[in-house]
Amino acid sequence: MIENKYSVFVFFFIVSLFLYSCRREKKPTATPYNFKIPAGYPRPVEPAENPTTVEGARLGRFLFYDKQLSLNNSISCASCHIQEYAFSDPKKYSVGAFGEETRRHSMALVNVSFNPFTRFFWDGRAKTLEDQVLHPIRDPVEMSFHVQGVVDRLQQDPRYPPMFEKAFGDGKIDSGRIAKALAQFVRTLVSFDSRYDRWIQGRGTLDSIEIRGLQLIQDRFKGDCFHCHNAEDRLFCNYQFINNGLDYEHQWTDLGLFETTGNPNDKARFKTPTLRNVAVSGPFMHDGRFKTIDEVLIDHYLTGGKISPTIDPMMEFAGIGLNLSPNDVIAIKKFLLSLTDSTFLTNPEFASPF
């Protein structure tokens, strides 16, 4: 009799525990982010340990625009990567937290999630996007802070622990999660809705001059742009490091990728930027030396570039000049303007949440 009562007690105890566990609130599960990539376009390159989620990207957006990431609360990531300028900076050099200018022009954050070779910055010093997003915080010229200081601030801000919990399952805040969230937001900065894209997808038109410009940049014996800015993959960027003949060897003051690798063959090689939204992302080149698209086309590429020991073999007309007429140059420029994505430049999902 006692044994039966004991068995019944144990049974009801186990059932009660089961019911209680079912009622317990489960840790939130982040929602996979829908990139909404058109058919026929490339897929984002995401690390398995940091897939992009709605909650993670939202947290990253807050961090991207938060001036608490700088020592004196004066600048954010968005101070040097401004949405209306394709997340670049219209100034030749950006200005850091204490008024000092950066060494290079701010790269446009457009479609960086499609980089198959990784390595970020003009000189490739960051191997991953998660690594890259923390560099400006530590840089004495930029945010001039340290990541632990950012962690301490965010822990004291009542907005952030709940967002970290939604993104990562609990409210813990550390440098790794800050990097992951920022990287997730940057990966969402996808630009595939220009007039060119609508034409490709059968939703719009390009005129005959614009189409001629496209043909010219794809023509090896004319614009010869496709090596680095191929239209076929829809990216207009090969994400590689190129010496495109900006200077002769004796003029080199910035050695680019060499500063990261130490390989003499990498001297004066810099990361290729995308042509998407090029109408708003100037000034151009790593040092912002060209203010306009006309200067890039006429003052540089029309002459073919300057020959040096590490000039890229793809610069086939270096020192010779391209076989382009004035009308050809006009056509190329007009096509480049068709790559402006006004939806991307004004998307409220990418704008400041503050």
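How each quantity is defined
- Residues numbered from 1 in each chain as written.
- Predicted model: local features only at pLDDT ≥ 70, side-chain atom pairs only at ≥ 80, totals over all residues.
- Heavy atoms only, no water.
- Helix = DSSP H or I, 4+ residues; strand = E, 2+ residues; numbered from the N terminus.
- Contact = heavy atoms within 4.5 Å.
- Areas by Shrake-Rupley, 256 points an atom, 1.4 Å probe, with all protein chains shown as cover.
- Lys, Arg positive; Asp, Glu negative; His and termini not counted.
- Charge placed at Lys NZ, Arg CZ, Asp CG, Glu CD.
- Core = buried A, V, L, I, M, F, W, Y, C linked by side-chain atoms within 4.5 Å.
- Buried < 20%, exposed > 50% of the residue type's maximum accessible area, 1.4 Å probe, protein only.
- Phe/Tyr/Trp six-rings, centres within 6.5 Å; stacked < 30°, edge-to-face > 60°.
- Lys NZ or Arg CZ within 6 Å of the ring centre and 35° of its normal.

Next up on the list: the overall build of the protein. Within the protein, the secondary structure is distributed over 13 helices and two strands. Across its three principal axes, the protein shows a C-alpha extent of roughly 105 × 50 × 35 Å. Restricting the contact set of the protein to residue pairs at least 6 apart, pairs at least 24 apart contribute 65%. Entry remark: accessible area of the protein is about 17600 Å², with carbon and sulfur atoms responsible for 56%. Looking at charge distribution, the protein has the averaged site of its 41 positive side-chain charges lying 5 Å from that of its 42 negative ones.

Side chains of a nonpolar character, in soluble globular proteins, are inclined to be buried together. Grouped together as the largest cluster of nonpolar side chains are 44 residues, with contacts concentrated most on Leu63, Phe64, Tyr160 and Ile178. When contributions to this core are tallied by element, the ones reaching two or more residues are helix H2 (54-64), helix H5 (147-156), helix H6 (160-168), helix H7 (175-187) and helix H13 (342-346). For this core, the element with the highest residue contribution is H7, accounting for seven residues. When residues no more than four places from it in sequence are discounted, the contact partners of Ile178 are Leu63, Leu134, Val150, Val151, Leu154, Phe164 and Ile173. If you look at the next biggest cluster of nonpolar residues, it comprises 24 residues, including Tyr196, Ile217, Phe236 and Leu322.

Here we take up the packing of aromatic side chains. By the definition in use, this model includes 15 aromatic pairs. Consider the rings of Tyr196 and Trp199, whose centres lie 6.2 Å apart with planes at 50 degrees: the pair is tilted. A residue pair is termed a helical-turn pair when its members lie 3 or 4 positions apart in one helix, as Tyr196 and Trp199 do in helix H8 (residues 195-200) at three residues. The class of Tyr196 is buried, set by a relative accessible area of 1%. In textbook terms, an aromatic cluster arises when at least three aromatic residues are bridged by ring pairs, as seen for Phe64, Tyr65, Phe87, Phe185, Phe344 and Phe350. One residue, Arg125, lies across the ring of Phe121, its end atom 3.7 Å from the ring centre.

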